[in-house]
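# Residue-level structure breakdown
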Amino acid sequence: MYIHEAAERSGTTKKAIEYYCMKGLLSPRVSENGYKDFSEEDVACLKKISLLRNLGVSVEDIRELLSGKDDTALRRTIEKQETILRRRKEQNEMLKELEASQDWDAVYLKAAAAESRQSVTDRLTAAFPGFWGKYLALHFGQFLQEPVRTGDQEKALREVCDYLDSVQLEVPEELKDCLDEMDTDIGRQAADQADTALSEAAEDPEGWLKNNREIIDQYLEFQKTAEYRNSPGAKLKELIREFNEEQGYNSVFIPAMRRLSPAYDEYLAKLEKADRIFMQQFRD
């Protein structure tokens, strides 16, 4: 069928179809007379493209979705859309604040902080795959609420971004399922609980250890078992530990983050104190 019929049957326009063909989303057969000849499969594909475009999906994301090579592509597209919506909401809130206060300097500082936070969190999700990248983005994002004010902070921000642009955590195929399992409601809930526990331990290490002593003892004993050592979770943990030690995460990224964010520096100082107390009580 010719393009006008394909447009009518798929509910789109000839101009849109030509654009999709130019972008490589569709490759209809070309007949002897030089006209594009669209098949039933092409029409079905056009309907999918039209739907995805109506849902706000970009051409690049549609290309990945149509390839069918990655079962998680739709999930990543949804998460990307959610990130865009969150940022638009934040921008609208700042516009409302500007309208109400007319305080251009205050809103400028908020916008600058948001831009810096976005620069770091975007790079974290790109450098670290799946759930781990999203977790790190949320974790460090909470410490990037203030704007960059000093020359040293500007230098630290560049160091953080340069570092994240230069690294990539590669996860072996046999451990990817473990990472995917973490990216579920249960996994995300567990990560939130772990983050909350860290914050509580940082604020009151003695009290936290006292209240959680039994659980800690059980976990430490479990770590000694072959079941734990051979588990995908333990192997993934070791992979991340080795990466952090060998690829500059601990020696470059963390020190730069401490200089960039006074809030993170304060938080990490408390964690280090809690860690010293922990080591005193659990020397073995």
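The structure under discussion appears in the preceding block.
Residues numbered from 1 in each chain as written. Predicted model: local features only at pLDDT ≥ 70, side-chain atom pairs only at ≥ 80, totals over all residues. Heavy atoms only, no water.

Turning to the side chain of Thr 121, a few remarks are in order. For Thr 121, the location among the structural elements is in helix α6 (residues 104-127). Engagement of the side chain of Thr 121 in a polar contact is seen with the backbone oxygen of Gln 118, the distance being 3.4 Å. With residues near it in sequence (within four places) discarded, Thr 121 still touches Arg 87, Ala 137 and Gly 141. (Helix = DSSP H or I, 4+ residues; strand = E, 2+ residues; numbered from the N terminus. Polar contact = N/O pair within 3.5 Å; in protein donor to acceptor, adjacent residues only side chain to side chain. Contact = heavy atoms within 4.5 Å.)

Here the focus is the environment of Gln 118. Take Gln 118: it is sitting in helix α6. Look at Gln 118 and you get partly exposed, because its relative accessible area is 33%. As a C-alpha pair, Gln 118 and Ala 137 span 19 residues in sequence and 9.1 Å in three-dimensional space. (Buried < 20%, exposed > 50% of the residue type's maximum accessible area, 1.4 Å probe, protein only.)

With that out of the way, let us pick up helix α1 (residues 3-10). The complete set of buried residues in α1 reads Ile 3, Ala 6, Ala 7 and Ser 10. Projected down its long axis, α1 carries its buried residues within an arc of 100°, all on one side. Looking at the buried side of α1, the elements it contacts are α2 (14-22), β2 (36-37) and α3 (40-54). A positive phi of about 75° marks Gly 11, the residue just after α1. (Arc of directions from axis to C-beta.)

Looking now at the packing of helix α8 (residues 151-166) against helix α15 (residues 249-260). One way to put it is that α8 packs onto α15 with a least axis distance of 8 Å and a crossing angle of 145°. Two packed elements cross with a definite hand, and for α8 against α15 that hand is left-handed. Contacts between α8 and α15 pair Asp 152, Gln 153, Lys 155, Ala 156, Leu 157, Glu 159, Val 160, Tyr 163 and Leu 164 from the former with Tyr 249, Val 252, Phe 253, Ala 256, Met 257, Arg 259 and Leu 260 from the latter. The residue inventory of the contact of α8 with α15, partitioned by class, reads 11 nonpolar, 1 polar and 4 charged. (Axes fitted to C-alpha atoms, helices over the stretch in contact; angles between N-to-C directions. Left-handed = near helix turned anticlockwise from the far one by under 90°. Nonpolar A, V, L, I, M, F, W, Y, C, P; charged D, E, K, R; others polar.)

At a closest axis distance of 9 Å, the pairing of helix α5 (residues 73-101) and α6 adopts a crossing angle of 170°. Considered as vectors, α5 and α6 are oriented roughly antiparallel to each other. Contact residues: α5 offers Arg 87, Glu 90, Met 94, Glu 97 and Leu 98, while α6 offers Trp 104, Val 107, Lys 110, Ala 111, Ala 114, Arg 117, Gln 118, Thr 121 and Asp 122. Of the residues belonging to the contact of α5 with α6, the class tally is 6 nonpolar, 2 polar and 6 charged. (Parallel < 35°, antiparallel > 145°, perpendicular 65-115°, else oblique.)

A few words now on the side chain of Thr 77. Along the chain, Thr 77 falls in helix α5. Beyond its immediate stretch of four places on either side in the chain, Thr 77 contacts Val 57, Asp 61 and Leu 65.

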